[in-house]
Structure formats: C-alpha cells, structure tokens
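# Remarks on the overall topology
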Amino acid sequence: MIALISQFSLALATVLALFGAVAGFAAVRGVYSHAPAVPLLNSIQRNVLLVSGLVGIAFVGLVYSFVISDFSVRNVAENSNLALPVFYKVAASWGSHEGSFLLWVLMFAGWTQAVAWAKFEVSACFKVRVLATLQLVLVGFLLYLLIASNPFEYLYPTPVDGRDLNPLLQDIGMIIHPPLLYMGYVGFAVTFAFAVAGLLEGRFDMTWARWSRPWTNVAWAFLTMGIALGSWWAYRELGWGGWWFWDPVENASLMPWLAGTALIHSLAVSEKRGALRSWTLLLALTTFALSLLGTFLVRSGVLTSVHAFATDPERGVFILALLFIVVGASYILYALKTGEVGQGGNFKVTGRESLLLSNNVLMSAALVAVMLGTLYPLVVEVIGGRKMSVGQPYFEAMFAPILLPAVLLMALGPDSRWRETSLAQYIKPGVVALAVAALVLLGAALFNGYFSLWWAVGVVCAVFMAVATLAHAAVATRKAGASIPESGLLYRIRRLSLSYWGMVLAHLGVAVFVVGVSWVKTFETETDAVLKPGETSEIGPWRVTFIGVDSVQRQNHVAALGVFELTRGDGTVIHLLEPEKRRYQSSEQIMTEAAIHSDWFSDVYIGLGDAVQSSANSGAWGVRLYYKPLINLIWWGCALMALGGLLTVFDRRYRPRKNAVAS
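Below you will find a few notes about this structure. As the structure is a computational prediction, the values presented were derived from the model and not from experiment.

Rules and cut-offs
Residues numbered from 1 in each chain as written. Predicted model: local features only at pLDDT ≥ 70, side-chain atom pairs only at ≥ 80, totals over all residues. Heavy atoms only, no water. Patch = residues over 30% accessible without salt bridge, like charges linked within 9 Å, V, L, I, M, F, W, Y side chains within 5 Å. Areas by Shrake-Rupley, 256 points an atom, 1.4 Å probe, with all protein chains shown as cover. Salt bridge = Lys/Arg side-chain N within 4 Å of Asp/Glu carboxyl O. Helix = DSSP H or I, 4+ residues; strand = E, 2+ residues; numbered from the N terminus. Buried < 20%, exposed > 50% of the residue type's maximum accessible area, 1.4 Å probe, protein only. Core = buried A, V, L, I, M, F, W, Y, C linked by side-chain atoms within 4.5 Å. Pairing = 2+ DSSP bridges. Polar contact = N/O pair within 3.5 Å; in protein donor to acceptor, adjacent residues only side chain to side chain. Contact = heavy atoms within 4.5 Å. Expected span 1.5 Å × (residues − 1). Phe/Tyr/Trp six-rings, centres within 6.5 Å; stacked < 30°, edge-to-face > 60°.

## Considering a nonpolar patch on the surface
Together, Ile2, Tyr64, Val67, Ile68 and Val86 give the surface a local cluster of nonpolar side chains, amounting to about 410 Å² of exposed area. The topology assignment puts valine 86 in helix 4 (residues 86-92). Judged by relative accessible area, valine 86 falls into the exposed class, the value being 52%.

Put into structure tokens, the structure is as follows:
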C-alpha cells in the first residue's frame, strides 16, 4: 500500500509540474494575457508547494519501506536486510540507484520550493519564467523515475530476507555525503533557470546578477562540502590511504565545481560593473549542464567506479536524452538571444574585472583538462572499441600548473579596484606577502631538511595568498571605523559586509587547502610490514606496536579486530588503534576498515591485511602503515571555503525590500 501511494504521488507530481510549467510559459507568452502577473505567480507558487509535498510523500514512503523491511519492494530487498542497523536502513533509501535519484528529485523540488517563496526584487513575470523552467526540468526527472528507475517496483514472490546494503556505503560519510552533493548539483539549476528566464526576456542586468549570486553561492558551498565529504569517506573507507584518486566519478563532481567557481567570480563582475554578461550567462548554463553530465556518467553504466550507482545502459540512454534536450535547448536559446544581452561595461587590463576574467580563463582551462582526461577514454572506447585509461600523472601534470596561478590572482584580487588599478596598489602588498612566503618556505625547508620544486611553489602560493588576504582584511577593518576613532574591533568588523568576510574565509580556505595538499603529497610515508604480537614498526615520528587480533561479532558482520599501540619516540603511549577486517554475513563480502589517529593537522593510518599462513610467522598479520602530515588541512580548507560561500548569503544586499516579489 505504501509503495502504491508513493508511486501515485510521483505520478500526480509529474502532472502538476507539467501543468505549472506549461501554464507559466503560456502566461508570459501572452496566452493568458488577461491574467494579472502577481495572482498568476501566487497560483504557480501553490502548485510548486503541492509538487514538493507529493515528492516528499514518496520519499518518506521509501524510507518507511526500508525501516520496516518491506521486501515486497525490490529496491528494499536488494539493498537491505533484517540485520542492518536502523540508521543504515534509512541511509539505504538513497544507497541504491533508484533511491538516490528520488533523493535528487526531492532536493530539486526543495530548491524550487525555496525559489517560489523567497523574496527577491525581480518582476513577477521573471519569477514565473524561473519557476516554469525549474518545473519543466523537474518533469524530465520525474518521468525518468517513473519509466526507467522506479524505486517502488514490486517484487514477487516476496523474500523472507533481503540482500544487504553495499558494505562500502555502511559508513557515516556516505549517510551525509550524497545529500550534500545533490544539494550542490541541483542548486545550480536555480542559476540555470535564472539564465533561461533572462534570455527569454532578452535582458541581463545588474539585478539579475545580484539575485542569482546567493543561490549560486549556496549551491557551490554545498557542492564543496559534498566533494570534501566524499573524499574524506574514500580516504577512511577504501583502505588505500589516498584522499583523491582522479576517479572519473570524482571528476564528474569536480567539473561543475570548477565551472561554479568561475561563475561566482563572473557574477561579481556582472553585478558590480554590468560586464561579462554573455560569458556569465554561458557559465550559468554550462555549470548545470555539467551537473547533468555528472549524473549521466554516474548512472549510465559507462564508468566502472566504487562511486558509480548503475550499470544499466538503458537508463543511461534516458538520462543522455534528457541531457541533450535540456542543455541543447538552453544553448540554442543562448545562441539566439545572446546578441540582445551584450557584454556590458568596459574595463582596463589592470582592473579587478581583468583579474576575475583571468581567473575564469584559468578555471575554464582546468575544467577542459579534467573533462578531456575523463571523457576521452570513453570516446576512444566507443569509436575504436578498445579500453584506455588516463591516470593520476596526467591530471596532476595538467591541474597544478593551471590552478596555482589562479591562487596568485585570488591573492591580488582584494587589493585591486574596479575598472582600473594602478600598479603601485599591487606592488606594496604583493612584495610584503611574497617576502613572508619566502621566509616561511625557507623555515619549512630547513625544518624538514628537504626541498622540491612543486612543494615550494605550492607553499609560496598558499602563504602569499593567506598573507595578502589577511593584510587586506586588516587594512579594511581599520578603515571601516576611521570616522569613529574610538570604535572597537567588533564594530569595525561588523561595518564590513558579510560578502567581504565570506570572500576572506573562502580565499583563506583555498590557501589552507593548498598547503595541506602540497605537504601531504611531498612528505607522506608508507610502510608495509608483517608483524607478530609484540613487534614494532616505525612510521614518521611514531612507533606502532602490534598487540594482537580479536574476533568480534556484531549485528551484521564478524570483524577481525587488530589492536595496535601508538607511541611517540620517547615511549609515551598516545593511543590504541583498532583496524578491522570485516566479513559481512549476508553478502559474504570482506571489507577493510582502517584505523586513523588524527590530531589537528596530521594522521597515522593503519590498515589490517591478512593473517600470514606460515609456521614461521604464527600469529603474524600483514599491516599497511601511513603517516600523513598536515592532511587535515585539506578538510579544514574545504570547510572554510564552504563556510565562506554560505556566509555571503546573509549579506544585507540580499535582504529584499518589503515590496519585493514574494507570495
């Protein structure tokens, strides 16, 4: 019964979303010209509320089916069982291809609902176009669910017990990671809809850019958190000790992130100076197009990856058709209408606009490099029938030389001025920041007793950016209270906009991230050892002593639990680490669960291998040890970037006046 109600809810939501899209576009085209714009908008808002509610009912129905172990639903039977803990049963509702896409649709409906009821200063007709665009895209996703990926498909005969959720997904990281990632993917649909509405109206002004920015920043922040959590999950769960593998599915999320980063900076130029209009529109369309491309890659079966959801090419054809329709139609509209939009204001080569445009060019070049390395092997396989792979050496050789200059440009950005900036304004803060960066590099090289070119370049770029950003923030804070000399620090900080402080946090996050990547890539160490109980191995500044292995029975798996004593060089015991080798009873899959000791900056990482079957090594186990200096700066950097993106949304500029378009 729950499954039938949920399917009916999805079908009704599809009909209502289609009605809302057709009615919205027809009304602004003049078919219902007798209908005032605001009442029409109110009707569409109520329609959006109904659609969101119906999708929510379907999603709650799926979660409930998993919680009660309703194995008459094929999705539940294939991705859960009676022994699965309840919180993993909830997460299993989006652990399958069908369930994850229903979550995607729920997120999309939620974003549409937020746009429908948010207040922002645009015309009612413009907002109707935005909502009609979002609902039309939503219709495509709902049809895909109903036709090709039904999460409520009936299974007969009903089994007594189900299979199991993929053991790789039975982790806290995979409970949180997909919702955050989808919030980012789907959030860019709002900017896409704004762009389509602007093109349909044939205008693109500063108001358009102003009200697109908060939606873009929120989507970018969620995507940043989603990618970071996915990386953190892979680092902890896969047992390889790496945090980014240039996996094609990882790249599928990185591509819209790069385009979104370029879009954020381009929107700043369009809002402040009315420049780069056509380029900003193209980026808005492309960012969402790349989100759809990532969906196709993950769900079509064309890729083999631990992150991929499906291996059914028929589903991939449906998504590919949807991709071509949505992206193709939007690009055709762009080609027809972009001449009416124009490029906007002019600027000099030394102005802030030029820096942001250069940043856009570098981000776009990095995007092309990642796209080429990800898609070219697929093209070769389709055309020539032979498999090939593009690995880590290509991506690292292409990526770092492109993006490190972008870090330097971001460092100079706050010191620049719109339209034109004198060279003197760049030189003084640049020289100071460069001097500090050189001193930090010298101290780090002496401390570590090691020097390499790319490590040095990464450290210099990161420190240069951090110092330049903090120096500008200090000067701006001092000037903010210049008219009131006795004003306190807190007052001066509050005088600056939240958008400014969001930029500061995001740029500092990039600097922290670059330091973490440069350090761990240069100084990480790895050791493979065979240890008997009582034996010790050294890794970095740590000593690891093997105590033994115990067998532990848990709810849905049996674990070989290794116990290791972590000590410093002076013999002080710091921590007990307990890596595991798990055998899941339902699927008989063997999984490795690493044990990690983290401080604020670095990690000691232990993976338990197999027992050594030898009389000479009775009781011995294979062990893999890693020392990851400053790896946690990667996660801290991503957190700062995401926090900066979210902070900008609360800027006073994005608080509409009382007469703004709303309900």
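Right, picking up where we left off after that structure.
## Let's talk about the nonpolar core
Residues Val105, Phe108, Trp111, Phe141, Phe194, Trp208 and Leu258 are the most contacted members of the largest nonpolar core, which totals 184 residues. For this core, the element with the most residues is helix 7 (residues 172-201), which contributes 18 residues.

## Digging into the pairing of strand 9 (residues 603-611)
With four bridges joining them, strand 8 (residues 595-598) and strand 9 adopt antiparallel strand pairing. Directly across from isoleucine 596, in strand 9, lies its bridge partner tyrosine 605. Counted along the chain from strand 8 to the antiparallel partner strand 9, the turn is four residues long.

## Here we look at the side chain of histidine 177
Among the secondary structure elements, histidine 177 is positioned in helix 7. A distance of 3.4 Å separates the side chain of histidine 177 from the backbone nitrogen of glycine 230, its partner in a polar contact. Those residues in contact with histidine 177 that sit more than four places away from it in its chain are Gly226, Leu229 and Gly230.

## Some words on the pattern of salt bridges
This structure, assessed with the given rule, holds 16 salt bridges. Notably, a salt bridge pairs arginine 74 with glutamate 78, separated by 3.7 Å at the nearest N-O pair. Note that arginine 74 and glutamate 78 are positioned in helix 3 (residues 74-79) at a spacing of four residues, about one turn of the helix. Two residues, arginine 653 and glutamate 271, come together in a salt bridge whose shortest N-O distance is 3.3 Å. You can see arginine 653 sitting in the segment after helix 18 (632-647) and its partner glutamate 271 sitting in helix 9 (residues 248-273), a full 382 residues away along the chain. Classification of glutamate 271 by relative accessible area gives buried; the value is 9%. Each of Arg213, Glu271, Asp651 and Arg653 takes part in one network of salt bridges that share partners.

## Side note on the environment of glutamine 135
Tracing the backbone through its elements, the reader meets glutamine 135 in helix 6 (residues 124-147). Taking relative accessible area as the criterion, glutamine 135 reaches 1% and is therefore assigned buried. For the pair glutamine 135 and valine 48, spaced 87 residues apart in the sequence, the C-alpha separation amounts to 7.9 Å. Setting aside residues up to four positions removed in sequence, glutamine 135 forms contacts with Leu16, Ala17, Gly20, Ala21, Ile44, Asn47, Val48, Val51 and Thr112.

## Details of helix 7
Taking 1.5 Å as the rise per residue, helix 7 with 30 residues should run 44 Å; its terminal C-alpha atoms sit 45 Å apart, in good agreement. Of all the 30 residues making up helix 7, 26 are buried; the element is thus mostly covered by neighbouring parts of the structure. Once helix 7 ends, the next one or two residues include glycine 202, with phi positive near 75°.

## Remarks on the packing of aromatic side chains
Counted by the stated rule, this structure contains 30 aromatic pairs. Ring geometry for phenylalanine 59 versus tryptophan 94: centroids 6.3 Å apart, planes at 15°, classification stacked. Of the two residues, phenylalanine 59 is situated in helix 2 (residues 37-67) and tryptophan 94 in the loop between helix 4 and helix 5 (97-117); the sequence distance between them amounts to 35 residues. The pair formed by phenylalanine 59 and tryptophan 94 is uniform in burial state, with each residue classed as buried. When the centroid spacing of 6.1 Å and the interplanar angle of 10° are considered together, the rings of phenylalanine 101 and tryptophan 104 count as stacked. Here phenylalanine 101 and its partner tryptophan 104 are both found in helix 5, three residues apart, which amounts to about one turn of the helix.

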